[in-house]
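Structural overview
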Amino acid sequence: DVKVTQSSRYLVKRTGEKVFLECVQDMDHENMFWYRQDPGLGLRLIYFSYDVKMKEKGDIPEGYSVSREKKERFSLILESASTNQTSMYLCASSQQVGNQPQHFGDGTRLSIL
Amino acid sequence: AQSVTQPDIHITVSEGASLELRCNYSYGATPYLFWYVQSPGQGLQLLLKYFSGDTLVQGIKGFEAEFKRSQSSFNLRKPSVHWSDAAEYFCAVVRGGGSNYKLTFGKGTLLTVNP
């Protein structure tokens, strides 16, 4: 089974801090994704990566950056956290084929105080 | 642009009753479609997928979905709901191409199951 592991289930940070969310997958998938999930808004794509060191903006990239130095690891960075970034963050990975599903981690619930 | 609409934000059913969750998509060609389920505090788990061929697809946990091109719909069904099915359900359609396949999600339907 595909395993997508997010480093923290719950995280509390302060406004202005630099925050790192880590995600690791064990199935050698080319594509990796970061979403945020908010009540009533569903899942919104922040960034995705289709190869090592490659990244593309999703639908809501403002205030975020990402890093993919190794194929199995995809990091989401909040450069200067703000309270409106309090949310559930979900990482996913998939093969680079359109008919293959994305596999999700359990999520990180991030609170910015 | 591709889009997904789940018209029902919240549905309540009694245990043992049948269930249908609606999903409508907007896409020019034959879409790749998915249904995911999210239990409280968890990530998303794939229930089933449709790519082509038979329009009735079977998934895990006794769920099935029917693709209807004429109605641009991909509704999820289950004949008899169990209390453990209480969760949020998301429909999704693939967008993009080449190496850049991404998913567009509906906003979800929250399912409550009464005993």
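Residues numbered from 1 in each chain as written. Chains lettered and ligands numbered in written order. Predicted model: local features only at pLDDT ≥ 70, side-chain atom pairs only at ≥ 80, totals over all residues. Heavy atoms only, no water.

Notes on the overall build of chain A
Scanning chain A for helices and strands turns up zero helices and 11 strands. Computed over the C-alpha atoms, the radius of gyration of chain A is 13 Å, within 12% of the 13 Å expected from 2.2 N^0.38 for a compact globule of 113 residues. By principal-axis analysis of the C-alpha atoms, chain A measures approximately 40 × 30 × 25 Å. Counting every position in chain A, which comprises 113 residues, the buried fraction comes to 49%. Sequence-distant contacts in chain A: of pairs separated by 6 or more residues, those separated by 24 or more amount to 56%. Looking at chain A as shown, the accessible area adds up to about 5400 Å², and 47% of this sits on carbon and sulfur atoms. Of the side chains in chain A, 15 bear a positive and 15 a negative charge, and the two mean positions are spaced by 6 Å. (Helix = DSSP H or I, 4+ residues; strand = E, 2+ residues; numbered from the N terminus. Rg over C-alpha atoms; globule rule 2.2 N^0.38 Å. Buried < 20%, exposed > 50% of the residue type's maximum accessible area, 1.4 Å probe, protein only. Contact = heavy atoms within 4.5 Å. Areas by Shrake-Rupley, 256 points an atom, 1.4 Å probe, with all protein chains shown as cover. Lys, Arg positive; Asp, Glu negative; His and termini not counted. Charge placed at Lys NZ, Arg CZ, Asp CG, Glu CD.)

Side note on the packing of aromatic side chains
Aromatic rings considered in pairs are described by the distance between their centres and by the relative angle of their planes. Scanning the entire structure with this criterion turns up 16 aromatic pairs over all chains. Taking the centre distance of 6.2 Å and the plane angle of 35° together, the rings of Phe34(B) and Tyr36(B) count as tilted. Both residues of the pair, Phe34(B) and Tyr36(B), count as buried. Linked through ring pairs, Phe33(A), Tyr35(A), Phe48(A), Tyr50(A), Phe104(A), Tyr32(B), Phe34(B), Tyr36(B), Phe51(B) and Phe105(B) together constitute an aromatic cluster. (Phe/Tyr/Trp six-rings, centres within 6.5 Å; stacked < 30°, edge-to-face > 60°.)

Looking at the side chain of Lys78(B)
Residues and elements named next belong to chain B. Mapped onto the elements, Lys78 comes out in strand β9 (residues 73–78). Using a relative accessible area of 10% as the deciding quantity, one classes Lys78 as buried. At 2.9 Å, the side chain of Lys78 and the backbone oxygen of Lys61 are in polar contact. Non-local contacts of Lys78, meaning those with residues more than four positions away in its chain, are made with Ala17, Ser18, Leu19, Lys61, Gly62, Phe63 and Asp85. (Polar contact = N/O pair within 3.5 Å; in protein donor to acceptor, adjacent residues only side chain to side chain.)

Observations regarding the layout of surface pockets
All names here are of chain B. Counted as a void, the largest pocket has a volume near 520 Å³. Counting residues per element, the lining of the largest pocket draws most heavily on strand β10 (residues 87–95), at three residues. When grouped by side-chain class, the residues that make up the lining of the largest pocket number nine nonpolar, 12 polar and four charged. (1 Å grid on protein atoms, 1.4 Å probe; cavity = no way out; pocket = protein on both sides within 12 Å on 5 of 7 lines; lining within 4 Å. Points joined across faces, edges and corners; volume = space filled by probe spheres on them. Nonpolar A, V, L, I, M, F, W, Y, C, P; charged D, E, K, R; others polar.)

Some points on the interface of chain B and chain A
Taken residue by residue, the interface counts 24 residues in chain B and 25 residues in chain A. In total, about 1900 Å² of surface goes out of reach between chain B and chain A, with carbon and sulfur atoms giving 55% of it. In this assembly, chain B and chain A are joined by zero salt bridges. For the interface between chain B and chain A, the tally reads three residue pairs in polar contact (both at pLDDT 80 or more). Of all the secondary-structure elements, those providing two or more residues to the side of chain B that touches chain A are β5 (33–38), β6 (44–50), β10 and β11 (102–105) of chain B. When residues in the side of chain B that touches chain A are grouped by element, the largest group, four residues, is from β10(B). Along the lines of polarity and charge, the residues of the side of chain B that touches chain A split into 11 nonpolar, eight polar and five charged. (Buried area = accessible area lost by both parts, 1.4 Å probe. Salt bridge = Lys/Arg side-chain N within 4 Å of Asp/Glu carboxyl O.)

Comments concerning the pattern of salt bridges
According to the stated counting rule, one finds nine salt bridges over all chains in the structure shown. Where Arg22(B) meets Asp8(B), a salt bridge forms, and the shortest distance between an N and an O atom there is 3.0 Å. With a gap of 14 residues between them, Arg22(B) in the loop between β3 (19–21) and β4 (24–26) and Asp8(B) in the loop between β1 (3–5) and β2 (10–14) connect regions that are remote in the sequence. A salt bridge links Asp85(B) to Lys78(B), with the nearest nitrogen and oxygen atoms 2.8 Å apart. The exposure class assigned to Asp85(B) is buried, which follows from its relative accessible area of 4%. One salt-bridge network, in which partners are shared between bridges, spans Arg36(A), Asp38(A) and Arg44(A).

Things to note about the nonpolar core
Across soluble globular proteins, you tend to see nonpolar side chains buried next to one another. All names here are of chain B. By size, the foremost hydrophobic cluster in this structure holds 26 residues, and its most contacted members are Leu19, Trp35, Leu47, Leu48, Phe74, Leu76 and Tyr89. Of all elements in the fold, only β2, β3, β5, β6, β8 (64–68), β9, β10 and β12 (109–114) reach the threshold of two or more residues within this core. Ranked by residue count, the leading element in this core is β10, at four residues. In this view, Leu76 contacts Leu19, Glu20, Leu21, Trp35, Leu47, Leu48, Phe63, Glu64, Ala65 and Tyr89; residues no more than four positions away in its chain are not counted. (Core = buried A, V, L, I, M, F, W, Y, C linked by side-chain atoms within 4.5 Å.)

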